[in-house]
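Here is how the chains run, residue by residue.
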2 protein chains.
Amino acid sequence: MSKKIIKPSILPGFMELVPKEQILFNQMRDTIKNNYEKFGFLPIDTPIIEKSEVLLAKSAGETEKQVYRFEKGSTDMSLRFDLTVPLARYVAQHYSELEFPFKRYHIGKVYRGERNQKGRFREFYQCDIDIIGNGKIAVINDAEIPAVIYSTFKDLGFDSFTIKINNRRLLGGFFSSLDIEDATMVLRVIDKIEKIGIEKTKEELRLLEIKDEDVEKIIEFIKIKGSNDEIIEKLKQLNVENDKFKEGLEELETVVNYIKLFGVPEENFEVDLTIARGLDYYTGTVYETFLNDHKEIGSVCSGGRYDDLASFYTKQKLPGVGISIGLTRLFYLLREANIIEPKEYSLTKILIIPMKGYMDEGVKISNSLREMGINTQVYVEKGKMGKKFNYADKLDIPFTLVIGEEEVKEELYSLRDMKTGNQEKLTASEIADRVK
Amino acid sequence: MSKKIIKPSILPGFMELVPKEQILFNQMRDTIKNNYEKFGFLPIDTPIIEKSEVLLAKSAGETEKQVYRFEKGSTDMSLRFDLTVPLARYVAQHYSELEFPFKRYHIGKVYRGERNQKGRFREFYQCDIDIIGNGKIAVINDAEIPAVIYSTFKDLGFDSFTIKINNRRLLGGFFSSLDIEDATMVLRVIDKIEKIGIEKTKEELRLLEIKDEDVEKIIEFIKIKGSNDEIIEKLKQLNVENDKFKEGLEELETVVNYIKLFGVPEENFEVDLTIARGLDYYTGTVYETFLNDHKEIGSVCSGGRYDDLASFYTKQKLPGVGISIGLTRLFYLLREANIIEPKEYSLTKILIIPMKGYMDEGVKISNSLREMGINTQVYVEKGKMGKKFNYADKLDIPFTLVIGEEEVKEELYSLRDMKTGNQEKLTASEIADRVK
């Protein structure tokens, strides 16, 4: 009757946590959710499996290779690889049931068959917000997004972080003024400037057959520094005669002003003309967010403005603006660098330890405590007292309550603070107050 | 430049909700989560994709056919089809990092390629709790589970529901006393008694080559009725000379007594000897839960006690007890029958509508309200007032706040209750109090 044992393991590239870590992860997820809701974003949830034909309407190349795609019966299906394509499909599909501007948040798992590498995940949580307009959408929305980022990262416990903003129209207009019409390749090069440095950037720009003189102009342009207002002022003084540039600059100025009005301190956001976001998807404001003491982990929250969300699914023009937090990667990096640590492990506040013969009383008191809103567990297994206290310790349960003859007679229970070792004799409702 | 439009749609058997419904769904999910936490269960989250070899170690037949299984590269992988197999794998894999009794909850999506049928889902949420022991686990745990069910369904807004409990050891012992050694087939027949009726049950039992006399005894046995204590008493009076039966009866008695101590009213739980739970997995207490006014939707929460959770993955003996709520199906059925309805649609409490030229003030007040904990949205698009009020109406946002010259001068803002139409002039902090 001996059974073959299969080694319990999961696939590489998948994150799985012990409860202590899971609680910390969930706390971060809830903080993000609460902040999204604070600004009026509404929840949606879409299937993880979609029709390949629909999900892969747009994508090509690298993304497509990474997609988990398979057939069941005669149906060709794929796992979603981001939350943007499902959003586009969702808005197009439910168009007539939605109110615009449509502000939605979506927190869910996505799948990418990434190369197996430390810190790269094949299943990871994205936490997205987007504001979608029907036909058009005001530029002030672009300023609300950094306000959400600011509020969220503050609540996550960070102080020193910078939301970098830029405007794709401004960049495009500037390149246009140098007769560079296809800015995409240039943007991709600029996007890497933090990584590769100025000299290598110049080299790569020259490879794009840009004149030395223009390469210098580009570098000079993207290196414009100063306070946000100073940068705007310097951009104005460039007197670039290009409508796209002017529009972009006007947008950027409005966005900067409204970000301030939304209460984001100047030290937490800055115009950075090197932020380009390589994707051809973005058309206006773009964002990246960096933890100042941990720039090595890269942008922790990025996004931008786009002109047309769902052109593959509908003729309705649906412009929008949004950002995404890659929570699984963020959590992993923060834990690796010991920037965050499980603090309040225990969701359970009291462990009741009934003495022999007092299980009934223990259970009854647990009922009362729960009714008073205290997460309470009764230790119902047999065993030595030491083992039971140890259990509370291991699970970081902050209080224990031993129930025995004396306690039941007096209706006073000894609440033990597991950290200090202090004990107090209290009534059930005093205990609830104490623990809250 | 005309682009091919792909019809936006999802696969059949997948549930997708508009935000109004999603909020209701999420409220139910949160209620379940909060109740699980109230009793000391800890969260885990496992990958949706696992190695086929691991995930399908046990299953065979029907389940295996329904599994979404595919290869990527040379890896054979499958989507999880329940949360029990991942739990078994998880506990075996993380055995040394866990404290026992290990109380975990898991709320997540699972996948089954069910036949396409109304009300059948291929992607659905399960909400599971289990208490896992290391080697052994006290029978009182079996009584805590109904306490969690009771507390959860009360909080979900139900009053009239019955948690039916039975004991597999008792059933098995009884059949043994009739010299029926393989009880599995008998249990499957009994499991259907509610559906097929007594006569058909008798017929099917006879097909199993059970003597007419014993068929009558079985029917008489499972039809024992009365209060919980009366049923226990009648079972005792049967004087069945079988150790398994005696053990099972003792367990059942303990469980019934402790369910009362856990505060579950007698009207909300009953011993029902026809509840068998066909799976060979269960070995002791079993549960099913019915909404008394909607028995047609079947059991809304089921589970039981098992001897060995993870024998495919470890030699450690890991007995446990648990239940599962199939939330997607439950939500669907409750909505179909109009038993639940979106009540408090809006997570957003105030929509600020700035008059022309007062956007800055509108944004500033929104900051203050958010700081006071009020979910607030500013309507930043251009448009007529009527359209803006209409937006609040459509989204069920309960209050609007119009900001214009007068309001800014007086620092008093007109809060309009969208339901009653009443308006009040209040300061920002009065507004926060009012809305809370």
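Residues numbered from 1 in each chain as written. Chains lettered and ligands numbered in written order. Predicted model: local features only at pLDDT ≥ 70, side-chain atom pairs only at ≥ 80, totals over all residues.

**A look at the overall build of chain A**
Next up, step 1: What chain A contains, in helices and strands, is 16 helices and 16 strands.
Next up, step 2: For chain A, the spread of C-alpha atoms along the three principal axes comes to 90 × 55 × 45 Å.
Next up, step 3: By residue count, 45% of the 436 residues in chain A fall in the buried class.
Next up, step 4: Within chain A, contacts between residues separated by at least 24 positions form 68% of all contacts whose residues are at least 6 apart in sequence. (Helix = DSSP H or I, 4+ residues; strand = E, 2+ residues; numbered from the N terminus. Buried ≥ 20, exposed ≤ 12 C-beta atoms within 10 Å, placed from the backbone. Contact = placed C-beta atoms within 7 Å.)

**With respect to helix H8 (residues 193-207) of chain A**
All names here are of chain A.
Next up, step 1: Relative to the 21 Å expected for 15 residues at 1.5 Å per residue, H8 spans just 15 Å between its end C-alpha atoms, considerably shorter than the ideal helical length.
Next up, step 2: The axis of H8 is deflected most strongly, by about 80 degrees, at glutamate 199.
Next up, step 3: Among the residues of H8, Ile193, Thr201 and Leu205 are the ones counted as buried.
Next up, step 4: Two residues or fewer past H8, glutamate 209 is found with a positive phi of approximately 65 degrees. (Expected span 1.5 Å × (residues − 1). Bend = angle between axes of the 7 residues up to and from the residue.)

**Observations regarding the domain arrangement of chain A**
Accessible area lost upon the coming together of the parts is a frequently used measure of interface size.
Next up, step 1: As far as domains go, chain A holds domain 1 (19-46 + 83-336) and domain 2 (350-435).
Next up, step 2: Each of domain 1 of chain A and domain 2 of chain A was reduced to a C-alpha centroid, and the two centroids are 50 Å apart. (Domains from an automatic or database assignment.)

**Examining the relation of the copies chain B and chain A**
Next up, step 1: Expressed as a screw operation, the relation of chain B to chain A combines 0.0 Å of axial shift with a rotation of 180 degrees, fitting to an RMSD of 0.0 Å. Here the transformation between the copies is reduced to the relation of a two-fold axis. Considering only C-alpha atoms, the residue of chain B closest to the rotation axis is phenylalanine 70 of chain B, which sits at 3.1 Å.
Next up, step 2: Interface residue correspondence from chain B to chain A reaches 100%, placing this contact among same-surface, isologous pairings. (Least-squares fit on C-alpha atoms with pLDDT ≥ 70 in both.)

**Thoughts on the sheet that holds strand S3 (residues 69-72) of chain B**
Residue and element names in this part refer to chain B.
Next up, step 1: Spatially, the three strands line up as an open sheet ordered S2-S4-S3, and their pairing is antiparallel. Only two strands of the sheet have a single neighbouring strand rather than two, namely strand S2 (49-51) and S3. The sheet shows a mean angle of 40 degrees between the axes of neighbouring strands, direction not considered.
Next up, step 2: The pairing of S2 with strand S4 (residues 75-79) spans three bridges and is antiparallel. In the strand pairing of S4, lysine 51 is matched with methionine 77. (Pairing = 2+ DSSP bridges. Axes fitted to C-alpha atoms, helices over the stretch in contact; angles between N-to-C directions.)

**Topic: the pairing of strand S16 (residues 423-426) of chain B**
Residue and element names in this part refer to chain B.
Next up, step 1: Across four bridges, strand S15 (residues 413-417) lies against S16 in antiparallel orientation. Note on S16: the bridge partner recorded for leucine 415 is glutamate 424.
Next up, step 2: The turn linking S15 back onto S16 is made up of five residues, and glycine 421 within it adopts a positive phi angle of 80 degrees.

**Some points on the environment of glutamate 230 of chain B**
Next up, step 1: Considering the arrangement of structural elements, one finds glutamate 230 of chain B in helix H10 (residues 228-237).
Next up, step 2: Each C-alpha atom, one on glutamate 230 of chain B and one on valine 271 of chain B, is 9.9 Å from the other, the two residues being 41 residues apart in sequence.

**Comments concerning the packing of helix H5 (residues 140-155) of chain A against helix H11 (residues 243-261) of chain A**
Residues and elements named next belong to chain A.
Next up, step 1: Running from amino to carboxyl end, H5 crosses H11 at an angle of 45 degrees, the nearest separation of the two axes being 8 Å. Comparing the axis directions of H5 and H11 gives the class oblique. Handedness of the crossing formed by H5 with H11: right-handed. Contacts from Ile140, Asp142, Ala143, Pro146 and Ala147 of H5 reach H11 at Val255, Tyr258 and Ile259. (Parallel < 35°, antiparallel > 145°, perpendicular 65-115°, else oblique. Left-handed = near helix turned anticlockwise from the far one by under 90°.)

**Quick word on the packing of helix H7 (residues 184-191) of chain B against helix H8 (residues 193-207) of chain B**
Residue and element names in this part refer to chain B.
Next up, step 1: One can describe the packing of H7 onto H8 by two numbers: an axis separation of 7 Å at closest approach and a directional angle of 140 degrees. Taken together, the axes of H7 and H8 lie oblique to each other. Contact residues: H7 offers Val186, Val189 and Ile190, while H8 offers Ile193, Thr201, Glu204 and Leu205.
Next up, step 2: For the contact of H7 with H8, the residue count by class is five nonpolar, one polar and one charged. (Nonpolar A, V, L, I, M, F, W, Y, C, P; charged D, E, K, R; others polar.)

**Details of the sheet that holds S16 of chain B**
Residue and element names in this part refer to chain B.
Next up, step 1: If you walk across this open sheet you meet the five strands as S13-S12-S14-S15-S16, and the pairing is mixed. In this open sheet, the two edge strands, each paired with only one partner strand, are strand S13 (376-378) and S16. Averaged over all pairs of adjacent strands, the angle between their axes in this sheet comes to 25 degrees, without regard to strand direction.
Next up, step 2: By the bridge criterion, three bridges tie strand S12 (residues 350-354) to S13 in an arrangement that is parallel. For isoleucine 352, the partnering residue across the bridge sits in S13 and is valine 378.
Next up, step 3: Packing of helix H13 (residues 359-371) onto the sheet brings it into contact with S12, S13, strand S14 (399-403) and S15, and relative to S12 it is tilted by some 160 degrees.
Next up, step 4: Seen against the sheet, helix H16 (residues 428-435) touches S12, S14, S15 and S16 and runs at an angle of roughly 15 degrees to S15.

**A word on the nonpolar core**
What tends to happen in soluble globular proteins is that the nonpolar side chains get buried as a cluster.
Next up, step 1: Core analysis: the largest hydrophobic core is formed by 250 residues, its most contacted members being Val91 of chain A together with Val91 of chain B.
Next up, step 2: When residues of this core are assigned to their parent elements, the largest contribution, eight residues, is made by H5 of chain A.
Next up, step 3: Sequence-distant contacts of valine 91 of chain A, that is, excluding residues within four places in its chain, are made with Leu98, Phe102, Ile132, Leu309, Ala310 and Leu318 of chain A. (Core = buried A, V, L, I, M, F, W, Y, C linked by C-beta atoms within 7 Å.)

**Considerations on the environment of glutamate 53 of chain A**
Next up, step 1: Along the chain, glutamate 53 of chain A turns up in helix H2 (residues 52-55).
Next up, step 2: Since 14 C-beta atoms lie within 10 Å of it, glutamate 53 of chain A is described here as partly exposed.
Next up, step 3: Between the alpha carbons of glutamate 53 of chain A and aspartate 76 of chain A there is a distance of 7.7 Å; along the sequence they are 23 residues apart.
Next up, step 4: When sequence neighbours within four positions are dropped, the list of residues in contact with glutamate 53 of chain A reads Asp76 of chain A together with Ile6 of chain B.

**Comments concerning the confidence of the model for chain A**
Next up, step 1: Put simply, chain A has an average pLDDT of 93, and 98% of its residues get 70 or more.
Next up, step 2: The ipTM assigned to the predicted complex is 0.95, against a pTM of 0.96. (pLDDT = per-residue confidence, 0-100.)

**Brief notes about unusual backbone geometry**
Next up, step 1: Residue proline 101 of chain A is bonded to the preceding phenylalanine 100 of chain A through a cis peptide linkage, with omega at -5 degrees.
Next up, step 2: In this structure, proline 101 of chain A sits in the loop between helix H4 (84-93) and strand S5 (102-111).
Next up, step 3: At glutamate 209 of chain A, a position not held by glycine, the phi torsion is positive, near 65 degrees.
Next up, step 4: With respect to the helices and strands, the residue glutamate 209 of chain A is situated in the loop between H8 and helix H9 (212-222).
Next up, step 5: Positive phi, close to 55 degrees, is recorded for glutamate 411 of chain B, a residue that is not glycine.
Next up, step 6: Position of glutamate 411 of chain B among the secondary structure elements: in the loop between helix H15 (405-410) and S15.

**Some details on the environment of glutamate 407 of chain A**
Next up, step 1: Its place among the elements puts glutamate 407 of chain A in helix H15 (residues 405-410).
Next up, step 2: Separated by 19 residues in the primary sequence, glutamate 407 of chain A and leucine 426 of chain A have C-alpha atoms spaced 9.6 Å apart.

**A few points about the pairing of strand S6 (residues 123-132) of chain B**
All names here are of chain B.
Next up, step 1: Taken across its ten residues, S6 has ten buried, putting it largely inside the fold.
Next up, step 2: Residues Glu123, Tyr125, Cys127, Ile129 and Ile131 point to one face of S6 and Phe124, Gln126, Asp128, Asp130 and Ile132 to the other, with burial holding for every one of them.
Next up, step 3: Here S6 pairs with strand S11 (residues 320-326) via seven bridges, running antiparallel. When the sheet's bridge partners are listed, isoleucine 131 is paired in S11 with valine 321.

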